[in-house]
Amino acid sequence: MLKTTPFHARTAALSQSHAWRRWAGHVAASHYELSHEREYHAIRVAAGLLDVSPLYKYLIEGRDAVRLLDRMLPRDVTRCQPGQVLYTPWCDAAGKVLDDGTLARLAEERFRLTSADPGLLWLEENARGLDVTIRDVSASTAALALQGPRSREILQALCEDDLAGLKYFRILATRLGGCRVEISRTGYTGDLGYEIWLDAADALPLWDALMRTGAAWGLQAAGLAALDLARIEAGLMLLDVDYVSARKALTVDETSTPFELELGWAVDLKKAAFVGREALAQEAARGPAWCFTGIALDWDDYARRFREAGLAPRVPAAPWRMSVPIYSGAAQVGYATSGAWSPMLKEYIALAHLRTPQAAPGTSLDMEVTVAHRRVRAAARVVRRPFFDPERKRG
Amino acid sequence: MATTWDSVIIGGGHNGLTCAAYLARAGQKVLVLEARDLVGGAAVTEEIFPGFRFSVYSYVVSLLRPEIIRDLDLPRHGLHVLPLESTLTPLPNGDHLAQWNDHDQNHAALARHSARDAEIYDKFSRLMHLTGRAVQPFLGMLPPDPASLRPADLRGLAGLGQYMRSLGERQFHTLHKLLTMSAADYLDEWFEGEALKGTKSASGIIGTMQGPRSPGTAYVLLHHYMGELDGVFRAWGFAKGGNGAVSGAITAAARGFGATIRTGAPVAHVRIRNGRATGVVLADGEEIAATRVISGADPRRTFIDLVGEAALPGEFVEAIRRYRFRGCSAKVNLALDALPKFSCLADRSIADDGLARQLMRGAISISPSVDYIERAYDQAKYGEFSSRPYMDIVIPSMLDPGMAPPGKHVMSIFAQYAPYHLNGGWTDARREAFGDAVIDTLSEYAPDLKSLILGRQVVTPADIERTVGISEGSIFQGELSLQQMFFSRPAPAWAQYRTPVDALYQCGSGTHPGGGVMGAPGRLAALSILGEKK
């Protein structure tokens with residue numbers, strides 16, 4: 001039986017499309033309206049409200065909380081200040097990525113880690129002998145993402161604290177519409193946006209307050225399809241879609257290291273010890289074999305393929321997630337894992353794993369596309385992620 | 001020492017800017033001269049009332065060419081087109097007709113009025129899609145001159161002939177019908193619902209001093225489907241930030257390529273020496289030398305006002321004098337305290353809250369029947385404005401809340417007919433009387449409208465002429481009627497952006513393929529100029 005989130009009474013009532021997906025054992029709205037299109041545009045020009053409660057959330061408290069996390073994560077947790085949030089992957093001893101998420105330092109000795117897969121066991125295994133308590137608060141903590149250029153104004157209208165001072169990747173404990181919440185300046189859209197963490201018991205009143213107040217700024221409930229499109233534009237990866245957790249991979253080929261995912265910036269090899277350090281140091285020295293990057297299709301070539309079949313060019317109506325071969329000449333040099341037509345950039349974009357020699361920005365490649373039931377190759381070029389990176393995201 | 005520019009472009013409308021961007025991209029030294037203090041021509045966003053921003057004149061992006069979006073990288077320069085997803089036609093009896101992008105939703109909405117219309121709609125759309133695809137290449141093509149024997153023209157004509165023959169029989173006959181029939185007659189062949197026919201027929205009369213029963217109006221139905229072919233480019237829609245943002249993105253692209261753009265620089269006349277344009281003279285007497293002059297102004301402004309009849313062949317002057325403008329479209333821009341409530345959506349058995357709100361994000365069309373629009377035209381035929389006009393309404397703040405203060409709205413009402421040649425002429429009183437007719441008519445469908453109006457701006461064809469400079473306030477720089485399209489736009493033998501004056505070119509909507517925020521004339525003019533140089 002699938003679980004529902006604390007917002008389900010509201011999200012279900014809004015669903016015109018009855019389009020639900022599964023997310024971490026929960027039902028989650030794919031799109032509320034008949035198409036995700038408006039929900040996506042709302043995220044880019046106004047604001048979208050997304051129920052992200054299915055995320056796994058763990059509270060890590062105690063004298064040794066920093067020690068545990070610094071030992072487990074490749075980032076330098078000792079430098080994470082209270083009120084700061086880190087994005088981080090984490091690896092097994094072979095340096096292969098297990099999961100990725102955000103770590104918020106809520107207080108000197110209290111952290112919250114989010115993950116896409118369950119992570120309690122991994123935390124407990126690494127915590128042996130340490131003075132730390134780990135609690136799974138996934139069900140008791142509800143979470144909303146409020147994303148888009150008007151999100152700050154909407155929150156500010158409901159919040160007594162000044163949010164202008166809440167910088168990118170910072171978190172603030174405050175009250176919102178009367179509810180106790182933590183607001184972090186984080187998100188999965190690559191836009192100005194916030195995530196709101198609260199007691200599940202307050203979920204419905206807060207949803208109502210946000211929707212009521214947000215209407216004046218064009219706030220709209222948005223589902224996972226719109227989020228998927230936004231995160232592809234933002235070049236953000238998704239576990240089980242763009243990479244496989246080392247925990248689930250059946251072959252070494254299926255695994256990825258942070259360097260192969262272009263997350264080398266989140267690996268601090270200056271740290272004395274953390275899980276996977278040795279393997280990662282070796283890989284850093286020899287350079288990763290793969291690179292996770294963006295590609296954009298050449299429109300003229302793409303349109304020509306359709307013209308040859310007597311058709312007007314068609315692009316995917318919704319973001320796709322599957323493995324699509326990418327070639328350099330006759331040789332396959334990689335594969336795309338997520339792709340979408342970006343309505344905003346007017347480009348067909350994809351996220352891809354490429355062999356390092358073919359991954360330099362500007363490199364010409366071919367991607368397989370389906371035209372009139374046939375797989376053909378269309379020209380593409382390598383572009384740096386993110387595809388879309390507005391100043392307001394950090395500003 | 002005065003600089004000599006490779007190209008000086010008269011008018012910073014979206015076509016002049018597009019032309020400038022393409023020429024600068026090719027390495028030319030380009031100067032754009034705009035008379036007003038802001039660029040964009042009829043594609044501008046202005047804050048008419050504090051906090052309320054309006055696309056004062058043109059209000060949607062129509063058929064903006066995908067190749068321009070790509071070539072000039074407009075999304076990176078801020079262009080973001082928001083799709084219009086629906087059309088609501090409120091009806092006098094309190095009912096409504098809705099049309100949606102979503103197929104199932106559209107089918108259900110049409111079937112409420114006619115099960116037959118709902119079913120035949122797919123067939124109609126498919127034929128229009130195929131025919132639109134057949135015609136679409138014309139938008140990106142230099143029109144060959146059918147009377148010329150130059151090799152390029154002969155090649156062009158031969159290609160055209162071949163192309164027409166390659167069309168399926170069905171498409172050819174459809175095209176023939178669309179070119180010769182009235183929108184009303186053509187739609188009668190397909191549909192029975194009055195509201196559907198009225199609303200569809202309206203696309204054939206926009207910007208044109210004709211009624212839905214005038215022959216030739218059926219053709220413009222195709223334009224709508226051509227927009228759908230550009231579907232992924234959302235060539236029909238509302239630009240975030242209004243149409244000024246379209247001009248802004250093209251301006252940024254042009255500047256990025258090195259073009260210079262001057263505002264507050266009205267051109268008084270084109271300088272001509274020995275039958276050749278050598279530059280322009282500004283209203284304040286400043287002379288600007290250029291290798292070539294390109295006019296984005298309309299044909300009458302360009303040739304009669306800026307060049308002068310004396311410098312032109314008599315026959316050409318006659319053709320330009322016969323070129324028809326006859327602006328008949330007005331705009332009423334409203335600043336609103338809240339979203340108006342349309343009584344046709346009040347009945348919860350017809351539309352729930354969510355749907356009613358969604359319909360406010362689309363177009364609202366006051367076109368309950370073909371008769372309604374034809375009657376509106378009848379008054380205009382005899383020099384009066386329509387007392388109950390046809391209207392195409394959008395509420396941009398529903399799509400881009402940045403257009404109005406939080407919770408407030410802007411409403412853009414395109415209204416027809418308000419003929420330029422009004423009996424007795426346009427005065428302030430007549431303008432406001434027309435504004436009243438629009439508001440009174442609309443209030444019949446949205447009774448609380450008047451109580452919500454915080455500000456009202458009425459723009460008549462006379463105002464468009466005075467402010468933007470387009471003759472007779474014609475929104476397309478001359479009617480898009482068949483006798484002045486393709487190889488006859490603006491005049492036979494002069495449809496390839498060249499003019500009888502050496503080194504003088506045209507790039508505005510008065511050239512092929514015409515008006516709408518499409519950018520095609522500006523691009524084609526630039527490409528044809530660049531092609532000539534080689």
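Everything numeric in this text was worked out from a predicted model, so none of it was measured. (Residues numbered from 1 in each chain as written. Chains lettered and ligands numbered in written order. Predicted model: local features only at pLDDT ≥ 70, side-chain atom pairs only at ≥ 80, totals over all residues. Heavy atoms only, no water.)

**Considerations on the overall build of chain B**
Within chain B, the secondary structure is distributed over 19 helices and 18 strands. For 534 residues, the compact-globule estimate of 2.2 N^0.38 gives 24 Å, and the C-alpha radius of gyration of chain B, at 23 Å, lies within 12% of that figure. Seen along its three principal axes, the alpha-carbon backbone of chain B occupies a region of about 70 × 55 × 50 Å. In chain B, buried positions account for 62% of the 534 residues. Partitioning the intrachain contacts of chain B with sequence separation of at least 6 by distance along the chain shows that 72% fall at a separation of at least 24. Of the roughly 19,400 Å² that chain B leaves accessible, carbon and sulfur atoms contribute 52%. Taking the 53 positively charged and 55 negatively charged side chains of chain B as two groups, their mean positions are separated by 5 Å. (Helix = DSSP H or I, 4+ residues; strand = E, 2+ residues; numbered from the N terminus. Rg over C-alpha atoms; globule rule 2.2 N^0.38 Å. Buried < 20%, exposed > 50% of the residue type's maximum accessible area, 1.4 Å probe, protein only. Contact = heavy atoms within 4.5 Å. Areas by Shrake-Rupley, 256 points an atom, 1.4 Å probe, with all protein chains shown as cover. Lys, Arg positive; Asp, Glu negative; His and termini not counted. Charge placed at Lys NZ, Arg CZ, Asp CG, Glu CD.)

**Details of empty space enclosed by the protein**
All names here are of chain A. As enumerated under the stated definition, the model contains two cavities of 30 Å³ or more in all. Here the largest cavity is characterised by a volume of approximately 90 Å³. If you trace the largest cavity, you find 13 residues lining it, with Ala28, Ala29, Tyr32, Asp51 and Ala222 closest to the centre. Every element with two or more residues in the lining of the largest cavity is listed here: α1 (8-14), β2 (26-31) and β3 (47-51). Among the elements that line the lining of the largest cavity, the one with the most residues is β2, at three residues. Among the residues forming the lining of the largest cavity, the class breakdown is eight nonpolar, four polar and one charged. The calculated volume of the second largest cavity comes to roughly 30 Å³. The wall of the second largest cavity is formed by Val85, Thr102, Ala104, Arg112, Thr114, Ser184, Thr186 and Trp197. Elements that contribute at least two residues to the lining of the second largest cavity include exactly β6 (97-107) and β7 (110-115). Each residue belonging to the lining of the second largest cavity can be placed in one class, and the counts come to three nonpolar, four polar and one charged. (1 Å grid on protein atoms, 1.4 Å probe; cavity = no way out; pocket = protein on both sides within 12 Å on 5 of 7 lines; lining within 4 Å. Points joined across faces, edges and corners; volume = space filled by probe spheres on them. Nonpolar A, V, L, I, M, F, W, Y, C, P; charged D, E, K, R; others polar.)

**Brief notes about the interface of chain B and chain A**
Taken together, the 31 residues of chain B in the interface contact 28 residues of chain A. When chain B packs against chain A, close to 2,400 Å² is buried across both sides, 53% of that on carbon and sulfur atoms. On inspection of chain B and its partner chain A, the count reaches three salt bridges. For Arg361(B), the salt bridge goes to Glu33(A), with nearest N and O atoms at 2.8 Å. The tally of links between chain B and chain A comes to ten residue pairs in polar contact (both at pLDDT 80 or more). Elements represented by at least two residues in the side of chain B that touches chain A include exactly α2 (66-71), β5 (81-82), α4 (115-135), α13 (353-359) and α15 (396-399) of chain B. Of all the elements, α13(B) adds the most residues to the side of chain B that touches chain A, at four residues. Among the residues forming the side of chain B that touches chain A, the class breakdown is 14 nonpolar, seven polar and ten charged. (Buried area = accessible area lost by both parts, 1.4 Å probe. Salt bridge = Lys/Arg side-chain N within 4 Å of Asp/Glu carboxyl O. Polar contact = N/O pair within 3.5 Å; in protein donor to acceptor, adjacent residues only side chain to side chain.)

**A closer look at the domain arrangement of chain A**
Residues and elements named next belong to chain A. For chain A, the assigned domains are domain 1 (8-55 + 139-222), domain 2 (57-114) and domain 3 (252-256 + 289-383). Inter-centroid distance (C-alpha atoms) of domain 1 to domain 3 is 32 Å. Opposite the five residues of domain 1 that make contact, domain 3 presents seven residues. Taken together, both faces of the contact between domain 1 and domain 3 bury some 370 Å²; the carbon and sulfur share is 63%. Among the residues of domain 1 in contact with domain 3, Arg21, His36 and Tyr40 are the three that bury the most area, contributing 72% of the side total. (Domains from an automatic or database assignment.)

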